[in-house]
2 protein chains.
Amino acid sequence: MTYCLAIKLEEGLVFCSDSRTNAGPDQVDVYSKQHIFLDSEDRQMVLLSAGNLATTQAVVSRMGRDLAEHSSPNIHDMHYLSDVADYVGQISQEVQKKYAPDGPKSGFNPKASFILGGQIKGSEPELFLIYPEGNHIQPSRRNPFFQIGETKYGKPILDRILEHETPHEIAMRCALVSMDSTIRSSATVGPPIEIMYLKRDQFGGPAKSYSLTRNDPYLVKLRETWNQNLLQAFSELPSMAEMFEGD
Amino acid sequence: MTYCLAIKLEEGLVFCSDSRTNAGPDQVDVYSKQHIFLDSEDRQMVLLSAGNLATTQAVVSRMGRDLAEHSSPNIHDMHYLSDVADYVGQISQEVQKKYAPDGPKSGFNPKASFILGGQIKGSEPELFLIYPEGNHIQPSRRNPFFQIGETKYGKPILDRILEHETPHEIAMRCALVSMDSTIRSSATVGPPIEIMYLKRDQFGGPAKSYSLTRNDPYLVKLRETWNQNLLQAFSELPSMAEMFEGD
């Protein structure tokens, strides 16, 4: 499993992903699921991936090869990020069909999901969730984030905190809390945590990008403080005695 | 979907369940998933159910009929709660095989899960999770709770708070927070919330049992306070600036 999330803010885009891959409990590995394409002067793109590792690697490697060979299409030539999302979905479908022409079989599922985010000069920053079937959606202002993989444990905190206008520092902190809670609850999601902020209209410059190991000092402090604060928040809830007294 | 949870404490047992049943978005109904058997002088049992509604209703109705007709076995005659768990699992298997002898088919899944909790005089209070396959497990002291249905959204808070020694009032409050967060995040889980406390060794007496509608004053207060406290807890987390400064 995997847990990736991306947030579309007024200020820019935030990406966060874990690094655990497993094919059964005896084959657990560390792989980055955050693929950065093009740090060029007119476009920036990040692709997060979840699902079958062979499929996601094939998709990413094909994107890189098309770019290197100046094939058409390639991510450097496209004018719209939605075309890039389409292109990722098409490659994903091709790869899946190559290995499972009749769909997933017992014990083998080639499906993969992606989140594509970025900005092409002249357009707004955009975010796309690309389904295993190759089609894609964009987030709403009210629900400005996408998740793929092991999404449920870490969703409630995102629902409570994130809005389109949230400052990027708060959104990044919220993503880390969501990721850390998921790591705590699911053995299929694990560190290092990769987190990145792509600021709107800032092309060519290096993005803020961090890889946090389990014992990263900030992460440890965040985890401990969150645990303490949550216990405190819980202890201050109204007592159920009030409820019982009413009877 | 459904969300049920039960907690085994030193003091006794706590049960909590939602009441939403759906067979597609046009067929959403309110059904209790908390089935109380025998409030007699030597035993108390509660069964929580999730999964196919026809299966769970058939199981519960068969248990009642066996009891009324003094058939053998019935839940009044058994000496061990684990035998009752076996019996529930067997009926569940029979019902599932009756309607789907070759297993779940596309568009039809007769599976159901149960949590059985209670106490028979002379034994400890016990809790069993009964799988769709009919077999069952008991909780550990370290992880003293079971969940069935839509379990992930509400699990992190249980992981943080619940221990075998937790007082029942705290455990009930924690169950309500877990349930309310799940209702917020999933449209397939809905009120009223039923919550019950079975005190250890208290046979024959009525258990503390409540059904809370969405606008129940205590639930509203709990929900609002929890939301405020969580936002407060989040706002007091260490700033990411510290992390950036280190670079």
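Rules behind the numbers
- Residues numbered from 1 in each chain as written.
- Chains lettered and ligands numbered in written order.
- Predicted model: local features only at pLDDT ≥ 70, side-chain atom pairs only at ≥ 80, totals over all residues.
- Heavy atoms only, no water.
- pLDDT = per-residue confidence, 0-100.
- Helix = DSSP H or I, 4+ residues; strand = E, 2+ residues; numbered from the N terminus.
- Least-squares fit on C-alpha atoms with pLDDT ≥ 70 in both.
- Contact = heavy atoms within 4.5 Å.
- Expected span 1.5 Å × (residues − 1).
- Buried < 20%, exposed > 50% of the residue type's maximum accessible area, 1.4 Å probe, protein only.
- Pairing = 2+ DSSP bridges.
- Axes fitted to C-alpha atoms, helices over the stretch in contact; angles between N-to-C directions.
- Buried area = accessible area lost by both parts, 1.4 Å probe.
- Salt bridge = Lys/Arg side-chain N within 4 Å of Asp/Glu carboxyl O.
- Polar contact = N/O pair within 3.5 Å; in protein donor to acceptor, adjacent residues only side chain to side chain.
- Nonpolar A, V, L, I, M, F, W, Y, C, P; charged D, E, K, R; others polar.

Participant: What exactly am I supposed to notice about the confidence of the model for chain A here?
Facilitator: The predicted coordinates ought not to be read in detail in places where the model reports low pLDDT. All names here are of chain A. On average, residues of chain A score 92 in pLDDT, and 97% of them reach the 70 mark or higher. Helix H6 (residues 241-245) is the least confidently modelled element of chain A, averaging 66 in pLDDT, while strand S1 (residues 3-8) averages 98, the highest of any element. Scored by ipTM, the complex comes to 0.89, with pTM at 0.90.

Participant: Whenever I open this one, the relation of the copies chain A and chain B confuses me. Can you help?
Facilitator: The two chain copies are related to each other by a rotation about an axis together with a translation along it. Superposing chain A onto chain B takes a rotation of 180 degrees plus a shift of 0.0 Å along the axis, which leaves an RMSD of 0.0 Å. In the structure described here, the two chain copies are related by an operation that fits a two-fold rotation axis. Considering only C-alpha atoms, the part of chain A nearest the rotation axis is Tyr153(A), at 2.4 Å. Same-surface contact between copies: 100% of interface residues of chain A are shared with the interface of chain B.

Participant: Even after reading the chapter, I still don't get helix H4 (residues 168-185) of chain A, so can you show me in this structure?
Facilitator: An α-helix turns once per 3.6 residues; consequently, residues spaced three or four apart project the same way. Counted at 1.5 Å a residue, the expected span for H4(A) with its 18 residues is 26 Å, and the 26 Å between its end C-alpha atoms agrees. Among the 18 residues in H4(A), 16 count as buried, and that is most of the element.

Participant: Sorry if this is basic, but what is going on with the sheet that holds strand S12 (residues 208-212) of chain A here?
Facilitator: Strands pair in a sheet through their backbones, by hydrogen bonds, and they do so in one of two ways: parallel or antiparallel. All names here are of chain A. Taken in spatial order, the 5 strands make up an open sheet running S10-S1-S2-S11-S12, and their pairing is antiparallel. Only two strands of the sheet have a single neighbouring strand rather than two, namely strand S10 (145-149) and S12. Ignoring which end each strand starts from, the neighbouring axes of this sheet average 10 degrees apart. Across 5 bridges, S1 lies against S10 in antiparallel orientation. By the bridge assignment for S10, Ala 6 is matched with Phe 146.

Participant: Mind showing me how you'd approach the sheet that holds strand S10 (residues 145-149) of chain B here?
Facilitator: Residue and element names in this part refer to chain B. With antiparallel pairing, 5 strands are arranged side by side in an open sheet as S10-S1-S2-S11-S12. Both outer strands of the open sheet, S10 and strand S12 (208-212), are each paired with one neighbouring strand and no more. The sheet shows a mean angle of 10 degrees between the axes of neighbouring strands, taken without regard to direction. The strands that helix H4 (residues 168-185) touches are strand S1 (3-8), strand S2 (12-17), strand S11 (193-199) and S12; relative to S11, the one it contacts most, it runs at about 160 degrees.

Participant: Is there a simple way to explain the environment of Ser113(A) in this structure?
Facilitator: Residue and element names in this part refer to chain A. Tracing the backbone shows Ser 113 in strand S7 (residues 112-120). Through-space distance from the C-alpha of Ser 113 to that of Pro 101 is 18 Å; in sequence the pair is 12 residues apart. Those residues in contact with Ser 113 that sit more than four places away from it in its chain are Leu 48, Ser 49, Ala 50, Ile 130, Pro 132 and Ile 148.

Participant: Just to check I follow, could you spell out the interface of chain A and chain B for this structure?
Facilitator: Size of an interface: often given as the accessible area lost when the parts come together. Across the contact, 44 residues belong to chain A and 44 residues belong to chain B. For the pairing of chain A and chain B, the buried interface totals around 4500 Å² over both sides, and the portion due to carbon and sulfur atoms is 68%. The tally of links between chain A and chain B comes to 2 salt bridges. Close ionic contact of Glu150(B) with Lys152(A) constitutes a salt bridge, the shortest N to O distance being 2.7 Å. Linking chain A to chain B there are 14 residue pairs in polar contact (both at pLDDT 80 or more). Counting only elements with at least two residues in the side of chain A that touches chain B, the list comes to helix H3 (155-161), H4, S12, helix H5 (217-235) and H6 of chain A. Looking at the side of chain A that touches chain B, the element that brings in the most residues is H5(A), giving 12 residues. Its residues placed into classes, the side of chain A that touches chain B shows 24 nonpolar, 7 polar and 13 charged.

Participant: Can you walk me through the pattern of salt bridges in this structure?
Facilitator: Side-chain pairing between opposite charges can occur once the charged atoms of the two side chains come close. Evaluated as defined, the whole model comprises 24 salt bridges over all chains. Where Glu94(A) meets Arg62(A), a salt bridge forms, and the shortest distance between an N and an O atom there is 3.2 Å. Of this pair, Glu94(A) sits in helix H2 (residues 81-99) while Arg62(A) sits in helix H1 (residues 53-68), and the two are 32 residues apart along the sequence. For Glu94(A), a relative accessible area of 46% corresponds to the partly exposed category. Across the pair Arg62(B) and Asp66(B) runs a salt bridge, and its minimum N-O distance is 3.3 Å. Here the residue Arg62(B) and the residue Asp66(B) both occupy positions in helix H1 (residues 53-68), the gap between them amounting to 4 residues, near one helical turn. The structure contains a network of salt bridges with shared partners spanning Glu10(A), Glu124(A) and Arg200(A).

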